[in-house]
Amino acid sequence: MTNLNVKVAVFFLAFLTLSCEREEIEIEEPAAVEKMVSEPLNKAALKPIGTGVMMQAFYWDVPSGGNWWNTIKNKVSAWSNAGVDAIWLPPVSKAQNGKFSMGYDPFDYYDFGQYNQMGSTETRFGSKTELEQLINSAHANQLSVIADIVINHNSGGDSEFNIFKNSNTYTKYTPKSNLFNRTQYDFHPNDYHNNDSGVFGGFADLCHHKSYVQDWLWKKSNSVAKYYKNTMKFDGWRFDYVKGFEPWIARDWKNAVGGFSVGEYWDGNAATLQWWTDQAQMSAFDFACYYKMRDAFQGNNLNALQGDMLWKRNASRAVTFVTNHDTDEIQNNKLLAYAYILTHEGYPALFYKDYEDWLDKNALNNLIWIHNNLAAGNTSNLYTDTDEYIARRNGNASKSGLIVYINISNSYKERWIQTNWSNKRIKDYTGRSSWEPVTQGDKWVKIQVPPNSYTVWSIK
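Keep in mind that this is a model prediction, so the values were computed, not measured. (Residues numbered from 1 in each chain as written. Predicted model: local features only at pLDDT ≥ 70, side-chain atom pairs only at ≥ 80, totals over all residues. Heavy atoms only, no water.)

### Topic: the overall build of the chain
From N to C terminus, the chain includes 12 helices and 21 strands. Here the chain holds 460 residues, and the buried ones make up 57% of them. On the chain, roughly 17,500 Å² of surface is accessible, and the fraction owed to carbon and sulfur atoms is 46%. (Helix = DSSP H or I, 4+ residues; strand = E, 2+ residues; numbered from the N terminus. Buried < 20%, exposed > 50% of the residue type's maximum accessible area, 1.4 Å probe, protein only. Areas by Shrake-Rupley, 256 points an atom, 1.4 Å probe, with all protein chains shown as cover.)

Take a look at the structure:
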């Protein structure tokens, strides 16, 4: 999470004294915590996450005005038909910057656009009712809905005299939901310790070691995790800035409520990403793959694709991506980068702007189809140099596998390669080559690729 357009309120009115003791009262779920507008589709009807592709259903500074949930609701049917199996939403709760916020400065985890606070009733994206309608529509179209969870830090608290800093801090939270009130005892430094793994900017840093914080985040019956899962009907979690807290925290959340889980551990070292996924017992965005693709496609040297990536270490825990709301460094050959992640192992994520505005949607839909219908089995690299890259997916009992040929040069390329198929006619499923060669008895065949393009071959 970067470049937050957060207006930090400044006031100097302080409390002169503050009791050092805190009453940790179990607050019953108030009547204001409504039920869903309608019952969702049976979760058994949803596509299993990982069988298709994920859609990041937002970008930085989507249009304000409270209409984004409706915008997404009108797209979920087409996305599902294209082969998407899950949508990732931005943080859904009320943040300090109210109707202008992208949600990464959370204030009231239980305000989804129904309370008038932080300068607005609706969030930037819409009302609670509109969010519920979007989730129901996604479920009706067999799509899982992934919530963006920001639990490293909070923003928007009132000023209070902080006995641990001997100065005033903005750490007094009394949200209108009357759920998960917070004070200086719930942030760092406090009476437990001074800090945890990391802080983000100048935000109040939540202390996850405090039992009160754990209770409200995932342990209580009306905790944030259980409310999002059981009342709002979210199916999975994207944990923001997981470098800011220990891996066991995200793991305990996931263990409390289940659901697909992926962490934003922003690090280009594949070994570090593997360490985090092993500790958290969940997926991570494959930043190692992202940076190798940047060097390959933006840097015009496909040899970079030979580098270490999370998907090469543990594909079942790698979420691959070309762009997200924080990163858009791959401008040259971006569609070729999508051809890479949509033919290789890992769970690929599409970026809203790439799919809807910037790239050829028909080409992306074709690659989604290829991913969902042909890409299977482990990966064998067949050839790599500066301009060319050829890899084979070896298939499984239900899918025949494929050969992907990527070319960033300005001329046609042809190569003899070894497939997994003897005496089989193959074709390019992108339509970029009209060749339909027959593999030899020893499985060798010649394939081609146009300039600055890609082809994907499999049994006709």
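### Structural notes on the sheet that holds strand E16 (residues 388–393)
With antiparallel pairing, the five strands of this open sheet are ordered in space as E15-E16-E17-E21-E19. Of all the strands in the sheet, just strand E15 (379–384) and strand E19 (426–428) have a single pairing partner and so form its edges. Each neighbouring strand pair of the sheet contributes to a mean axis angle of 20°, computed without reference to strand direction. (Pairing = 2+ DSSP bridges. Axes fitted to C-alpha atoms, helices over the stretch in contact; angles between N-to-C directions.)

### Regarding unusual backbone geometry
Geometrically, the link from His-188 to Pro-189 is a cis peptide bond, its omega value of -5° lying close to zero. For Pro-189, the location among the structural elements is in the loop between strand E8 (167–172) and strand E9 (204–205). Backbone geometry at Asn-166 places phi at a positive 55°, although glycine is not the residue there. Among the structural elements, Asn-166 can be located in the loop between strand E7 (158–162) and E8. Assessed through its relative accessible area of 62%, Asn-166 is described here as exposed.

### Focus on the packing of aromatic side chains
Aromatic ring pairs: the centre-centre distance and the angle between the two ring planes describe each pair. Under the counting rule described, the total for this entry stands at 34 aromatic pairs. Ring centres of Tyr-109 and Phe-180 lie 6.1 Å apart, and the angle between their planes is 25°; this geometry places the pair in the stacked category. Of the two residues, Tyr-109 sits in the loop between strand E4 (106–108) and helix H3 (128–140) while Phe-180 sits in the loop between E8 and E9, which places them 71 residues apart along the sequence. Taken together, the aromatic side chains of Tyr-109, Tyr-110, Phe-112, Phe-180, Tyr-212, Trp-216, Tyr-227, Tyr-228 and Phe-234 make up a single cluster linked through ring pairs. Residue placement shows Arg-182 over the ring face of Phe-180; its charged tip is 4.5 Å from the ring centre. When the ring centre of Tyr-429 is taken as reference, the NZ or CZ atom of Lys-427 above it lies at 4.7 Å. (Phe/Tyr/Trp six-rings, centres within 6.5 Å; stacked < 30°, edge-to-face > 60°. Lys NZ or Arg CZ within 6 Å of the ring centre and 35° of its normal.)

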